Amino acid sequence: MIPAGFEYHRPADLESALQVLQTHGDEARCLAGGHSLIPMMKLRMAAVEHLVDLQDIAELREISVEAGRITIGAMVTQHALITSDALNAAAPLLREAAEQIADPQVRYMGTVGGNVANGDPGNDMPGLMQALDATFTLLGPDGSREVAAREFFEGAYTTLREDEEILTKIAFDAHAKGYAYEKQKRKIGDYATAAAAVLIEKDGMVAGKVDIAMTNLSDTPVYSEAAGAALSGTSCDAEAVKAAVAAMLTDIDPMPDNRGPIEFKRHVAGVILGRAVARAWSRA
């Protein structure tokens, strides 16, 4: 449980951090909250010769809510998501999800950017950001670029972020009504057996635009456009929810593990989505 030797870097600004990454290439890794990388280093599953700690870069901790658009720095912690009143008023889905992540000790250190950039299909924030149609800003030696959350994840622990790029911020539109994050897990602190993020915009007496994303049911988070389409134009009644669940089940691809066999996970996914839709509809 002791990592191999490494050189520790703690830059004070993004330019310095990028210089370290450029100098050392794939021998360098960025450290955000550390809940994924440090255990892997201790178990010798990850060999990191240069560790670049982003804790001192103040601009990565900023939260902005302006004109209906939310921007969150990559080093904003899960605890900050919970305690920011402005953020909760504009996008309460974030607080609802963050409160279900692990435990307070983890939430004090775990960051939004680290949760997203790691590409772990069990993490909560990737699916959440897909439901919100968020945009990720990546900064590298050639400047910055933006990537849609729905296109960012390529496979388990594989994303569109290049080795010399840093995920600096996440932006999305405010969504204060018609939201729910439902998560089933074996025990406090565990990854989800299945989780669902649902956003519903009401159009008169029926659902208008509906966004649904599922977590830990494939090697990437799953944005289920078909499930959202099944609910759009309906009152989210039992038949519409049944159709949405059926559509979602065609999009996911769970694997058996210590959280259960495939059929159990598919059953849980359907139950969780049904609960999330009911709660989101009641708030729409």
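One can find the structure itself at the top, above this paragraph.
Overview of the structure. These figures come from a predicted structure and were not determined experimentally.

What follows deals with the layout of surface pockets. A probe matching the size of a water molecule, rolled over the atoms, marks out where space remains unfilled. In this structure, the largest pocket spans a volume of roughly 1200 Å³. Lining the largest pocket are 46 residues; nearest its centre among them are Ser36, Leu37, Gly114, Asn115 and Asn118. Looking at the lining of the largest pocket, the elements with two or more residues in it are β2 (28–31), α2 (37–42), α7 (112–117), β9 (158–159) and β10 (166–173). Broken down by class, the residue content of the lining of the largest pocket amounts to 20 nonpolar, 16 polar and ten charged. Here the lining of the second largest pocket is composed, by residue class, of six nonpolar, three polar and six charged.

Attention now moves to the nonpolar core. If you look at the biggest cluster of nonpolar residues, it comprises 40 residues, and the most contacted ones within it are Leu94, Met129, Phe136 and Phe172. Here Phe172 is in contact with Gly68, Arg69, Ile70, Ile72, Ala91, Leu94, Met129, Leu132 and Ala134, once residues within four sequence places are set aside. Listed in part, the 30 residues of the second largest apolar core include Ile212, Val222, Ala227 and Val268.

Counted under the stated rule, the structure contains one cavity of 30 Å³ or more. By volume, the largest cavity is sized at about 30 Å³. Contributing to the lining of the largest cavity are Pro3, Ala4, Phe6, Met41, Ala46, Ala47 and Val48. Here the residues of the lining of the largest cavity sort into seven nonpolar, no polar and no charged.

Calculation criteria
- Residues numbered from 1 in each chain as written.
- Predicted model: local features only at pLDDT ≥ 70, side-chain atom pairs only at ≥ 80, totals over all residues.
- Heavy atoms only, no water.
- 1 Å grid on protein atoms, 1.4 Å probe; cavity = no way out; pocket = protein on both sides within 12 Å on 5 of 7 lines; lining within 4 Å.
- Points joined across faces, edges and corners; volume = space filled by probe spheres on them.
- Helix = DSSP H or I, 4+ residues; strand = E, 2+ residues; numbered from the N terminus.
- Nonpolar A, V, L, I, M, F, W, Y, C, P; charged D, E, K, R; others polar.
- Core = buried A, V, L, I, M, F, W, Y, C linked by side-chain atoms within 4.5 Å.
- Buried < 20%, exposed > 50% of the residue type's maximum accessible area, 1.4 Å probe, protein only.
- Contact = heavy atoms within 4.5 Å.

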